[in-house]
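# Per-entry structural report
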Amino acid sequence: MKIKSPAIGLIVAASIAVPLTAQSYDDGREAIYVSGPERAELLAEMRGFLETVQGTMDALVAEDMVAIAELNAASGLRATANTPESLTAKLPEPFRLLGLSTHNLFDGIAREATDL
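Small disclaimer: the values here were computed from a predicted structure and weren't measured.

Time to look at helix H3 (residues 65-74). Turning to H3, its buried residues are Ala67, Ile68, Ala69 and Asn72. A side-chain oxygen of the first residue of H3 lies 3.3 Å from the backbone nitrogen of valine 66; this N-cap is aspartate 64.

Here you go:
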């Protein structure tokens, strides 16, 4: 098959090259090895963060500070109360600290919403 358009040729070449370079690119991330249930726990927490942000945006539009406070308090440090110790022990310190910082930020948003 002969490609007649140079633009199409570039697109085809790029689609082949991108996966090859993506496999060898080191972005500094570290793999975290956890069990299936622990993985589900981590993903649920991350999903909860996104749901809190979306709910906060919706509540901001509605000017509902009570909802903002409740949503963010639920994603604050109290959300870590049921995290299994087996999972926490497997997390690299930078990852664990980022999570704690994020929970603290949600607590801060909840406090600010309460104070308004």
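That shown, we press on.
We now examine the environment of glutamate 45. With respect to the secondary-structure elements, glutamate 45 resides in helix H2 (residues 36-61). The spatial distance from the C-alpha of glutamate 45 to the C-alpha of threonine 80 is 9.1 Å, given a sequence separation of 35 residues.

What the rule picks out here adds up to 2 salt bridges. Between lysine 90 and glutamate 38 there is a salt bridge, with the nearest N and O atoms lying 2.7 Å from each other. Here glutamate 38 lies in helix H2 and lysine 90 lies in helix H4 (residues 85-90), a separation of 52 residues in the sequence.

Here we take up the nonpolar core. Grouped together as the largest cluster of nonpolar side chains are 5 residues: Ala59, Ala67, Ile68, Ala69 and Ala113. In this view, alanine 59 contacts Asp64, Ala67 and Ile68; residues no more than four positions away in its chain are not counted.

Quick look at the packing of H3 against helix H5 (residues 93-115) now. Running from N to C, H3 and H5 point in directions that differ by 155°, and their axes come no closer than 8 Å. Relative to H5, H3 is oriented roughly antiparallel. When the axes of H3 and H5 are compared, the crossing they make is left-handed. In this structure, H3 contributes Met65, Ile68, Ala69, Asn72 and Ala73 to the contact, and H5 contributes Phe106, Asp107, Ile109, Ala110, Ala113 and Thr114. Along the lines of polarity and charge, the residues of the contact of H3 with H5 split into 8 nonpolar, 2 polar and 1 charged.

A few words on a nonpolar patch on the surface. A contiguous nonpolar surface patch, about 260 Å² in accessible area, is contributed by Val53, Met57 and Leu60. On the secondary structure map, valine 53 appears in helix H2. Given the relative accessible area of 42%, valine 53 is considered partly exposed.

Reading guide: rules and limits
Residues numbered from 1 in each chain as written. Predicted model: local features only at pLDDT ≥ 70, side-chain atom pairs only at ≥ 80, totals over all residues. Heavy atoms only, no water. Buried < 20%, exposed > 50% of the residue type's maximum accessible area, 1.4 Å probe, protein only. Helix = DSSP H or I, 4+ residues; strand = E, 2+ residues; numbered from the N terminus. Polar contact = N/O pair within 3.5 Å; in protein donor to acceptor, adjacent residues only side chain to side chain. Salt bridge = Lys/Arg side-chain N within 4 Å of Asp/Glu carboxyl O. Core = buried A, V, L, I, M, F, W, Y, C linked by side-chain atoms within 4.5 Å. Contact = heavy atoms within 4.5 Å. Axes fitted to C-alpha atoms, helices over the stretch in contact; angles between N-to-C directions. Parallel < 35°, antiparallel > 145°, perpendicular 65-115°, else oblique. Left-handed = near helix turned anticlockwise from the far one by under 90°. Nonpolar A, V, L, I, M, F, W, Y, C, P; charged D, E, K, R; others polar. Patch = residues over 30% accessible without salt bridge, like charges linked within 9 Å, V, L, I, M, F, W, Y side chains within 5 Å. Areas by Shrake-Rupley, 256 points an atom, 1.4 Å probe, with all protein chains shown as cover.

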